[in-house]
Amino acid sequence: VQLVESGGGLVQPGGSLRLSCAGSGFTFSSCDMSWYRQAPGKERELVAGITYFGGRTNYADSVQGRFTISRDNAKNTVYLQMNSLKPEDTAVYYCKAIDYAVKYTYWGQGTQVTVSS
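Position numbers for residues start from 1 in each chain and track the written sequence from start to end. This being a predicted model, a pLDDT of at least 70 is required before a residue's local features are given, and a value of 80 or more before pairs of side-chain atoms are given or counted; all residues contribute to the totals for chains, interfaces and linings. Hydrogens and water molecules were not included; the side-chain quantities draw on all heavy atoms of the structure.

Caption draft 1: Layout of the sheet that holds strand S1 (residues 2-6). Strand pairing requires that DSSP identify at least two bridges connecting the strands. By definition, any uninterrupted DSSP run of H or I lasting at least four residues is a helix, any uninterrupted run of E lasting at least two residues is a strand, and each is numbered from the N terminus. Reading across from one edge, S1-S3-S8-S7 is the order of the four strands in this open sheet, with antiparallel pairing throughout. Each edge of the open sheet is held by one strand with a lone partner, namely S1 and strand S7 (67-72). Each adjacent strand pair in this sheet contributes to an overall mean axis angle of 15 degrees, direction not counted. Relative to strand S3 (residues 17-24), S1 runs antiparallel, the two being bridged by five bridges. Across the sheet, the residue bridging to Leu3 is Gly23, located in S3. Helix axes use the C-alpha atoms of the stretch in contact, all axes being lines fitted to C-alpha atoms, and the angles between their N-to-C directions lie in the range 0 to 180 degrees.

Written as structure tokens, this is what we have:
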């Protein structure tokens, strides 16, 4: 089982990034997917989530209206489009899959996002 995030990097305030998380080794289309982030010295927090069929999404208040989560089950990939980035969005971003078929949770290794001028 693997979740591999990509797309992180350094961006200026106001800029955009799109994160991707590719899953393998499990039934991606049966999993609710979500993005979390963890800044230095802070607890990991939920950023956005999407149901397995993509019909429902939810967002943290701090990113509502700026971030968009989506998924492509044909590509076993979930995305996080991040616009109007702020320095406080700086964190390691993690992908999570909840596999209800086997009652297990998978995590990716994380990708660093740094928002700085």
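Caption draft 2: Expanded view of unusual backbone geometry. Notably, Asn76 is not glycine yet its phi reads approximately 55 degrees, a positive angle. Secondary-structure assignment places Asn76 in the loop between S7 and strand S8 (77-82). For every residue, the accessible area obtained with a 1.4 Å probe (protein chains only) is divided by the maximum for its type, and the residue is called buried under 20%, exposed over 50%, and partly exposed between those limits. Asn76 gets classed as partly exposed once you look at its relative accessible area, which sits at 27%. The backbone of Ser84 sits at a positive phi, close to 50 degrees, despite the residue not being glycine. Along the chain, Ser84 turns up in the loop between S8 and strand S9 (91-99).

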